[in-house]
Amino acid sequence: MELSLAHPAIKAFMCGSLSGTCSTLLFQPLDLVKTRLQTLQSGMQPGSGRVGMVTVLLSVVRTERLLGLWKGVSPSFVRTIPGVGIYFSTYYSLKQHFFQDGSPGALEAVVLGGGARSVAGVFMLPVTVIKTRFECGRYSYRSVVGALRSVCRTEGPAALFSGLMATLLRDVPFSGIYVMFYSQTKASLPKEISTSPSAPLANFSCGLLAGVLASMVTQPADVVKTHVQVNPQLRTAEAIRYIYMEHGVRGFFRGAVPRSLRRTMMAAMAWTVYEQMMAHIGLKS
């Protein structure tokens, strides 16, 4: 089937999948460093100073070589390529259905972004669990399929949906806040910039600002989600209590810098590529 004959939602899916592929490949090292920071055991290095992003990055390169920074990229691709496609196709479908005659306002943008993320997040959660385990370094899975089989055999299928509540509490607000800030910031740009050759750069800058704000608001939920998925015996409330008892309030912001960098850059790039591709095939994103 030719792309020109495909349903608009299919076109949005393909544009989203391609944009997600590019951003995942570029920023996977930041995701790995974030996961390692969040799953550091207290007392792991007695008497040592504060372990930060650079320390973890250098440790990974030293012990696992440079390619070790891309550990978990396979499940990331398995999750992101269809996941981002589902997100953008759902977003496009919802927007066309409810706001075909106008642009959504701030609150409506929150609902649109959050709704699209809910669908994609639930659908791709099993692969997200496997990706988190790949990155934390505690599991010796050889492949995504092998990891899925191992979890189902040893822990039961329900383990593949561990951290569902924390994931939704992280991703739905992030996407809603991101879409709100992104759409409102972009709408405030002067028309001459929006229609100029520098429009992609301006949109990317709007995406960076929106990503930083959304990342910081949802960081605590990301830490909780990581702990639940790495330690499936923990429930969300138990993980919150554990993090607070072990690390205090600061523990909920472990990995904030690499996550903010990655989520901000990935989201900004994904939206910029998606919108450019949609415009190229003649669809309004």
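As a convention, each chain's residues are numbered from 1 in the sequence order in which they are written. Totals for whole chains, interfaces and linings use every residue, but because this is a predicted model, local features are given only for residues with pLDDT of at least 70 and side-chain atom pairs only at 80 or more, for both listing and counting. Here the side-chain values reflect all heavy atoms present in the structure, with hydrogen atoms and water set aside.

In the nomenclature of an unreviewed UniProt entry, the chain corresponds to Mitochondrial glycine transporter from the organism Seriola dumerili. UniProt positions are given in the numbering used here, feature names are shortened, and annotations may be inferred rather than shown by experiment. Comment text from UniProt for the chain, heading Sequence similarities (unreviewed entry), reads "Belongs to the mitochondrial carrier (TC 2.A.29) family. SLC25A38 subfamily." A UniProt comment under Catalytic activity (unreviewed entry) is attached to the chain, and it reads "glycine(in) = glycine(out)".

Q: What am I meant to see in the packing of aromatic side chains here?
A: Any pair of aromatic rings gets described here by the distance separating the centres and the angle formed by the planes. Any Phe, Tyr or Trp ring, taking Trp's six-membered ring, that has another such ring centre within 6.5 Å forms a pair; planes under 30 degrees apart are called stacked, those over 60 apart edge-to-face, and the others tilted. Using the criterion set out here, one finds eleven aromatic pairs in the structure. An angle of 80° between the planes, with centres 6.4 Å apart, marks the rings of Tyr87 and Trp271 as edge-to-face. Residue Tyr87 is found in helix 3 (residues 73-98), and its partner Trp271 is found in helix 10 (residues 256-280); the two are separated by 184 residues along the sequence. Measuring from ring centre to ring centre gives 5.8 Å for Tyr178 and Tyr182, while their planes differ by 15°; the resulting arrangement is stacked. One end of the pair, Tyr178, and the other, Tyr182, are both in helix 6 (residues 164-187), four residues apart, so they sit about a helical turn from each other. As far as burial versus exposure is concerned, Tyr178 and Tyr182 are alike and both buried. A helix here means a DSSP run of H or I that spans at least four residues, while a strand means a run of E at least two residues long, and both kinds are numbered starting from the N terminus. Exposure categories follow from relative accessible area, calculated using a 1.4 Å probe and restricted to protein chains: below 20% of the type maximum is buried, above 50% is exposed, and the middle band is partly exposed.

Q: Would you mind showing me how to read a nonpolar patch on the surface here?
A: On the surface, Val212, Met216, Tyr244, Met245, Val249 and Phe253 cluster together into a nonpolar patch covering about 610 Å² of accessible area. Of all the elements in the fold, those that place two or more residues in the nonpolar patch are helix 8 (199-230) and helix 9 (236-247). Patch definition: residues above 30% relative accessible area lacking any salt bridge, with like charges linked at up to 9 Å and the nonpolar side chains Val, Leu, Ile, Met, Phe, Trp and Tyr linked at up to 5 Å. For accessible areas, the Shrake-Rupley method is used with a probe of radius 1.4 Å. Any residue's cover is judged against the shown protein chains and nothing else. Salt bridge, as used here, is a side-chain nitrogen of Lys or Arg placed within 4 Å of a carboxyl oxygen of Asp or Glu.

Q: What is the right way to read the pattern of salt bridges from this model?
A: By the definition in use, this model includes eleven salt bridges. Among the salt bridges present, the one from Arg170 reaches Asp171, with a minimum N-O distance of 2.6 Å. An identical accessibility class is assigned to Arg170 and Asp171; each is buried. A salt bridge links Arg170 to Asp222; the shortest N-O distance between them is 2.5 Å. With Arg170 in helix 6 and Asp222 in helix 8, this residue pair connects regions lying 52 residues apart in the sequence. One salt-bridge network, held together by shared partners, links Asp31, Lys34, Lys131, Arg170, Asp171, Asp222, Arg259, Arg262 and Arg263.

Q: Hey, could you run me through the packing of helix 1 (residues 8-38) against helix 10 in this one?
A: Two numbers describe a pair of packed helices, the interaxial angle and the distance between the axes. Only the contacting stretch of a helix is used when fitting its axis, a line to C-alpha atoms as for every element, and angles between N-to-C directions run 0 to 180 degrees. Across the interface, helix 1 lies against helix 10 with an axial gap of 8 Å and an inter-helix angle of 170°. In this view, helix 1 runs roughly antiparallel relative to helix 10, as classed from their interaxial angle. When the residues that make up the contact of helix 1 with helix 10 are grouped by side-chain class, the tally is 19 nonpolar, four polar and five charged. Angles below 35 degrees are treated as roughly parallel, those above 145 as roughly antiparallel, those between 65 and 115 as roughly perpendicular, and all remaining angles as oblique. Classification convention: Asp, Glu, Lys, Arg as charged; Ala, Val, Leu, Ile, Met, Phe, Trp, Tyr, Cys, Pro as nonpolar; all other residues, Gly among them, as polar.

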